[in-house]
Amino acid sequence: MSDQLKAILTKAKLNFAILALILIIAVLGKVINPEFTNTVFVTADQLVSDLYIVFIAITLGAFIPNFKLVAFGSIATFIAAVALVHFGVFTYLTVDYLFAVLIVILGFTSIANLYRHYREYGL
């Protein structure tokens, strides 16, 4: 394996972990709670057609150098929004919608960040 590929793989561990976690959520969700999982992934599929969410995610992944801030900030925002839904502040949002947004944001930021690492090493 080339040194450039090793460097990308070591720098992008969090990216691969997030993408693997999304895949694990999809597989385990189909077994544990298929209705919720179907709702989340159908909503996520519809969100991808809303290009502004995809552009925001790609911009976050490609241009913020510290990807940990993006990943953990997205998760913290999700947790705060879910808490506000449960407290009745966001009555027009649901947990499955917020989870779908989180999956779309984390998925596209991970892919954009992986591409940034790829371009950085010129492979």
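Quick note: structure is the one above.
Here the structure is a predicted model, which is why all the values come from computation and not from measurement.

A separate point is a nonpolar patch on the surface. Taken together, the side chains of L21, I24, L28, V31 and I32 define a hydrophobic patch exposed on the protein surface, amounting to about 520 Å² of accessible area. Along the polypeptide, V31 turns up in helix 2 (residues 13-32).

Checked against the element boundaries, V85 lands in helix 5 (residues 67-86). As a C-alpha pair, V85 and L98 span 13 residues in sequence and 9.6 Å in three-dimensional space. Setting aside residues no more than four positions away along its own chain, V85 makes contact with F90, L93, V95 and L98.

Let us look at the packing of helix 1 (residues 3-11) against helix 2. Where helix 1 meets helix 2, the axes come as close as 4 Å, and the angle between the chain directions of the two elements is 60°. As summarised for this structure, helix 1 and helix 2 are arranged oblique, according to the angle between their axes. Along the contact surface, helix 1 presents L9, T10 and K11, while helix 2 presents K13, N15 and F16.

Turning to the layout of surface pockets, a few remarks are in order. For the largest pocket, the calculated volume is near 250 Å³. In terms of lining, the largest pocket is formed by Y52, I53, G73, S74, T77, F78, A81, Y97, L98, V101, L102 and I105. The class makeup of the residues in the lining of the largest pocket is 9 nonpolar, 3 polar and no charged. Lining the second largest pocket, in full, are L14, A17, I18, L21, I22, I25, I75, F99, L102, I103 and L106. Elements with a minimum of two residues in the lining of the second largest pocket: helix 2 and helix 6 (95-121). If you tally residues by element for the lining of the second largest pocket, the top one is helix 2, at 6 residues. Across the lining of the second largest pocket, the residue classes break down as 11 nonpolar, no polar and no charged.

Its 20 residues place the ends of helix 5 29 Å apart at the C-alpha level, agreeing with the 28 Å of an ideal helix rising 1.5 Å per residue. The complete set of buried residues in helix 5 reads F67, V70, A71, S74, F78, A81, V82 and V85. Looking down the long axis of helix 5, one finds its buried residues gathered within 100° of arc, a one-sided arrangement. What points out from helix 5, more than 90 degrees from its buried face, is the exposed set K68, L69, F72 and I79.

Parameters at a glance
- Residues numbered from 1 in each chain as written.
- Predicted model: local features only at pLDDT ≥ 70, side-chain atom pairs only at ≥ 80, totals over all residues.
- Heavy atoms only, no water.
- Patch = residues over 30% accessible without salt bridge, like charges linked within 9 Å, V, L, I, M, F, W, Y side chains within 5 Å.
- Areas by Shrake-Rupley, 256 points an atom, 1.4 Å probe, with all protein chains shown as cover.
- Salt bridge = Lys/Arg side-chain N within 4 Å of Asp/Glu carboxyl O.
- Helix = DSSP H or I, 4+ residues; strand = E, 2+ residues; numbered from the N terminus.
- Contact = heavy atoms within 4.5 Å.
- Axes fitted to C-alpha atoms, helices over the stretch in contact; angles between N-to-C directions.
- Parallel < 35°, antiparallel > 145°, perpendicular 65-115°, else oblique.
- 1 Å grid on protein atoms, 1.4 Å probe; cavity = no way out; pocket = protein on both sides within 12 Å on 5 of 7 lines; lining within 4 Å.
- Points joined across faces, edges and corners; volume = space filled by probe spheres on them.
- Nonpolar A, V, L, I, M, F, W, Y, C, P; charged D, E, K, R; others polar.
- Expected span 1.5 Å × (residues − 1).
- Buried < 20%, exposed > 50% of the residue type's maximum accessible area, 1.4 Å probe, protein only.
- Arc of directions from axis to C-beta.

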